[in-house]
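Residue-level structural notes
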Amino acid sequence: MIQIENLKKNFHTKTGDVEALQGISARIEDGDIFGIIGLSGAGKSTLLRCIALLEIPSEGSIKIDGKDLSALKGRELTAHRRQIGVIFQGYNLLMQRTVAKNIAFPLEIAGVSKPEITERVARLIRLVGLEGKESSYPSQLSGGQCQRVAIARALANNPKVLLCDEPTSALDSFTTKAILDLLRDINRQLGVTIIIITHEIGVVRQICNRVAVIESGRFAENGPAAEVLAAPKSVAARQLIGVGGAL
Ligand code: ADP
């Protein structure tokens, strides 16, 4: 279970302070597919980066299974980071490495033995449906295939949580559906908790069981996806869902 309590993040810039997160609290249960939806600038990426331990919160805490991650340092932090896989917008693949070598990369860093890397990479390639593409380079792949490599790489160290930053924003509708189906299969087969940042309500509709609507660094709404979609209460949610005309 992930518990986020009163999370705040301020950025100090030349033109003044930006309060990107203004007190976010949430509980994400094991096995959830939790969507965080909001318009551009609402604070989605900052929240994801805080959960991924890539950004240090200004205030508040994030606990995974009761352990406060924001208090960790050094080796303990590195070990806990491995519980969290991230797929970034734009895939962030290593262009000079093949598909298999991209997926192997986090395992090499973690010091996994060569035979185990070979075995795990083969299993991950099958999981994401990239058989036959092991020796291809990212430049030879479609957007959907690149995203599959990114998903396999994020799963390499057997994380408990997979964070997805706008995983389908660059994909056509057919490929979007295929990638979301893959994420749902991974959630079911491996029991990985998934957090998806998106600005597309279709993503929430297709796979999320829970959703939080973020607006100006706060959750305007947070609940079961079916309930929020059927009866959005906040202006932000109504805007995103397209209820009540253009606001
Ligand atoms: P979203 O992902 O929803 O588009 P972000 O989390 O990227 O929103 O940004 C939220 C707010 O924080 C915006 O006002 C943005 O300009 C600001 N922000 C994000 N990252 C930084 C940063 N590194 N430095 C200064 N301001 C930032």
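Before going into details, it helps to say that this report is about the structure given with it. (Residues numbered from 1 in each chain as written. Predicted model: local features only at pLDDT ≥ 70, side-chain atom pairs only at ≥ 80, totals over all residues. Heavy atoms only, no water.)

**Some remarks on empty space enclosed by the protein**
Heads up, the rule is: Note on definitions: the grid is 1 Å and covers protein atoms alone; a cavity is a set of points where a 1.4 Å probe fits but cannot get out; a pocket is an open set with protein on both sides within 12 Å along at least five of seven lines; lining residues have an atom within 4 Å of a point. Grid points are joined across faces, edges and corners, and a volume is the space filled by probe spheres set on the points. Residues are sorted three ways: Asp, Glu, Lys and Arg are charged, Ala, Val, Leu, Ile, Met, Phe, Trp, Tyr, Cys and Pro are nonpolar, and all the rest, Gly among them, are polar. Strands are runs of DSSP state E lasting at least two residues, helices are runs of H or I lasting at least four, and both sets are numbered from the N terminus onward.
On inspection of all chains with the given rule, the structure shows 2 cavities of 30 Å³ or more. Along its surface, the largest cavity is lined by Met1, Ile2, Ile28, Asp30, Ile64, Asp65, Lys160, Val161 and Thr193. For the lining of the largest cavity, a count of residues per class yields 5 nonpolar, 1 polar and 3 charged. When contributions to the lining of the second largest cavity are tallied by element, the ones reaching two or more residues are α7 (201–207), β9 (210–215), α8 (225–230) and α9 (235–241).

**Description of unusual backbone geometry**
This is how it is decided: A simple rule labels every residue: compare its accessible area, found with a 1.4 Å probe on the protein chains alone, to the largest value its type can have, and call it buried under 20%, exposed over 50%, or partly exposed in between.
Positive phi is not limited to glycine here, since Asp65 has a value of about 50°. Within the secondary structure, Asp65 sits in the loop between β4 (59–64) and β5 (67–68). Not every positive phi belongs to a glycine, and Asn158 is a case in point at roughly 50°. Overall, the relative accessible area of 51% leaves Asn158 in the exposed class.

**So, the sheet that holds β9**
Within a beta sheet, neighbouring strands are joined by backbone hydrogen bonds and run either parallel or antiparallel to one another. Counted only if it meets this: A pair of strands is labelled paired if DSSP reports no fewer than 2 bridges between them. Axis lines are fitted to C-alpha atoms, over the contacting stretch for helices. Their N-to-C directions set the angle, which ranges from 0 to 180 degrees. What makes two residues a contact is simply this: any of their non-hydrogen atoms within 4.5 Å.
Taken in spatial order, the 6 strands of this open sheet run β6-β7-β8-β3-β9-β10, and their pairing is mixed. In this open sheet, the two strands that pair with only one neighbour each are β6 (84–87) and β10 (218–224). When strand polarity is set aside, the average angle formed by the axes of neighbouring strands in this sheet is 15°. Sheet contacts for helix α6 (residues 173–190): β3 (33–37), β7 (161–165) and β8 (193–198); angle to β8, the most-contacted strand, approximately 155°.

**Overview of the pairing of β10**
Note that β9 and β10 share 6 bridges and pair antiparallel. Within the sheet, the bridge partner assigned to Val213 lies in β10 and is Glu221. Between β9 and the antiparallel strand that follows it, β10, lie 2 residues; Ser216 among them carries a positive phi value of about 45°.

**Observations regarding the sheet that holds strand β1 (residues 2–13)**
The strand order β2-β1-β4-β5 describes an open sheet built from 4 strands, whose pairing is antiparallel. The open sheet has two free edges, formed respectively by β2 (16–28) and β5, since each of these has just one partner strand. In this structure, β1 lies alongside β4, joined through 5 bridges in antiparallel fashion. Its bridge partner being in β4, Lys8 is matched across the sheet by Glu59.

**Brief notes about the site of the ligand**
Spelled out, the test is: Summary of the distance rule: residues count as near a molecule or strand when at least one heavy atom falls within 4 Å of that molecule or strand. Pairing of N or O atoms within 3.5 Å defines a polar contact, subject to two protein rules: one partner must be a possible hydrogen donor and the other a possible acceptor, and residues neighboring in sequence count only if both atoms are side-chain atoms.
Around the ligand lies a shell formed by Phe11, Thr13, Val18, Ala20, Leu39, Ser40, Gly41, Ala42, Gly43, Lys44, Ser45 and Thr46. The separation between an oxygen atom of the ligand and a polar main-chain atom of Gly43 is 3.0 Å. Between the ligand and the protein, one listed contact pairs an oxygen atom with a side-chain N or O atom of Lys44 at 2.9 Å. Considering each element in turn, the shell around the ligand owes the most residues, 3 residues, to helix α1 (residues 44–51).

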